[in-house]
Amino acid sequence: YIDENPFPEAERHRYNGEKDETSYGYYHEKVHRVLDQSRQLFEFADLYVVSRSGTVVYSAAKARDFVADLEAGPLKDSGLARAVKAALAAAKATNAAGPAVAVADFAPYGPAGGAPMAFLARAVMKDGAPVGVAAVRIAAGPLAATVNRRIGEPVLVYAVGPDGMLRPALPD
């Protein structure tokens, strides 16, 4: 899905798993088109499914974080890992009320070439217990364009994080 993907890095999401004859490939081919269309529709940089143990088991974009171990691997301190851990913790703390959406603020993200990315994550529940996490990666540029497109001209909207820094940064 990464190294043997027939598409260039920026287009890896186009691979549906047609050549993968494993059970993962069978299911991937069935769900990938819908999940990747959702990713594109909402302008997410990526859409993930993460196991309860912290392994990225699905990535629509097929970046280098696919199959990453968010508990012990190189991404254990990343925004994705923080959002996933917070989503699982929230699900365990609120099980009857339903899990909350966890947010990891914009920060450099290695698999995206160090570009600033934010993450949203929510536990996936079965019988009142978390079985995994659905997460999305958000790039600053599309977020700024979406917010300002929805508001209209000549109004500009600025989001400021708890540290007082602008989210996302203004374009040059």
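Residue numbering note: each chain is counted from 1, following its sequence as written. The predicted origin of the model limits local features to residues at a pLDDT of at least 70 and limits the giving and counting of side-chain atom pairs to 80 or more, whereas totals for whole chains, interfaces and linings rest on all residues. Side-chain measures were taken over the full set of non-hydrogen atoms in the model, leaving aside hydrogen atoms and water.

Using a 1.4 Å probe on the protein chains alone, a residue whose accessible area is under 20% of its type maximum counts as buried, one over 50% counts as exposed, and one in between counts as partly exposed. Numbering goes from the N terminus for both helices and strands, where a helix is a DSSP run of H or I of at least four residues and a strand is a run of E of at least two. Most of strand β1 (residues 46–51) is tucked away, with five of its six residues classed as buried. Between any two strands, pairing holds if DSSP finds at least two bridges. Of the strand pairs in this sheet, β1 and strand β5 (residues 129–139) are connected by six bridges, and their pairing is antiparallel. Within β5, the position partnered with Val49 by the bridge is Ala134. Sheet topology places β1 next to strand β2 (residues 56–59); three bridges connect them, and they run antiparallel. Looking at β2, one finds that Val49 is bridged to Tyr58. Counted between consecutive antiparallel strands, the loop separating β1 from β2 contains four residues, among which Gly54 sits at a positive phi close to 95°.

Looking now at the packing of aromatic side chains. Any two rings among Phe, Tyr and Trp, with Trp reduced to its six-membered ring, count as a pair given centres within 6.5 Å; such a pair is stacked if its planes are under 30 degrees apart, edge-to-face if over 60, and tilted if neither. Here the structure, examined in full by the defined rule, presents three aromatic pairs. With 6.5 Å between their ring centres and 40° between their planes, Tyr48 and Phe119 make a pair best called tilted. Of this pair, Tyr48 sits in strand β1 while Phe119 sits in strand β4 (residues 116–126), and the two are 71 residues apart along the sequence. For Tyr48, a relative accessible area of 0% corresponds to the buried category. For the ring pair Tyr109 and Phe119, a centre distance of 4.9 Å and an interplane angle of 65° mean the geometry is edge-to-face. Of the two residues, Tyr109 sits in the loop between β3 (102–108) and β4 while Phe119 sits in strand β4, which places them ten residues apart along the sequence. A connected cluster of aromatic rings, assembled from ring pairs, spans Tyr48, Tyr109 and Phe119.

Here we come to helix α2 (residues 79–93). The terminal C-alpha atoms of α2 lie 21 Å apart, and with 15 residues this matches the ideal 21 Å at 1.5 Å per residue to within 8%. Buried within α2 are the following residues: Gly79, Leu80, Ala81, Ala83, Val84, Ala87, Leu88, Ala90 and Ala91. Against the buried residues of α2 lie β1, β2, β3, β4 and β5. A helix is expected to reach a length of 1.5 Å times the quantity of its residues less one. Contacts are assigned to residue pairs that have any heavy atoms within 4.5 Å of one another.

Moving on, we come to the environment of Ala134. Residue placement: Ala134 occurs in strand β5. Not counting residues up to four positions away in its chain, the partners in contact with Ala134 are Tyr48, Leu120, Ala121, Arg122 and Val124.

Looking now at the layout of surface pockets. Using only the protein atoms, space was sampled on a 1 Å grid; points where a 1.4 Å probe fits but cannot get out form cavities, open sets with protein on both sides within 12 Å along at least five of seven lines form pockets, and lining residues are those with an atom within 4 Å of a point. Grid points are joined across faces, edges and corners, and a volume is the space filled by probe spheres set on the points. Taken as a whole, the second largest pocket spans an internal volume of roughly 200 Å³. Around the second largest pocket, the lining comprises 15 residues; the ones closest to its centre are Phe44, Phe106, Leu120, Ile138 and Leu143. Looking at the lining of the second largest pocket element by element, the count peaks at four residues for β3. When its residues are assigned to classes, the lining of the second largest pocket shows twelve nonpolar, one polar and two charged. Residue classes follow a fixed rule: Ala, Val, Leu, Ile, Met, Phe, Trp, Tyr, Cys and Pro count as nonpolar, while Asp, Glu, Lys and Arg count as charged, and any other residue, Gly among them, counts as polar.

A separate point is the pattern of salt bridges. Salt bridges are identified by distance alone: a Lys or Arg side-chain nitrogen within 4 Å of an Asp or Glu carboxyl oxygen. For the structure shown, the criterion picks out three salt bridges. With a shortest N-O distance of 2.7 Å, Asp36 and Arg39 are connected by a salt bridge. Residue Asp36 and its partner Arg39 are both found in helix α1 (residues 23–41); the two are separated by three residues, about one turn of the helix. Of the two residues examined, Asp36 and Arg39, each falls in the buried class. Across the salt bridge formed by Asp46 and Arg137, the nearest N and O atoms sit 3.7 Å from each other. On the criterion of sequence distance, the pair formed by Asp46 in strand β1 and Arg137 in strand β5 is long-range, its members being 91 residues apart.

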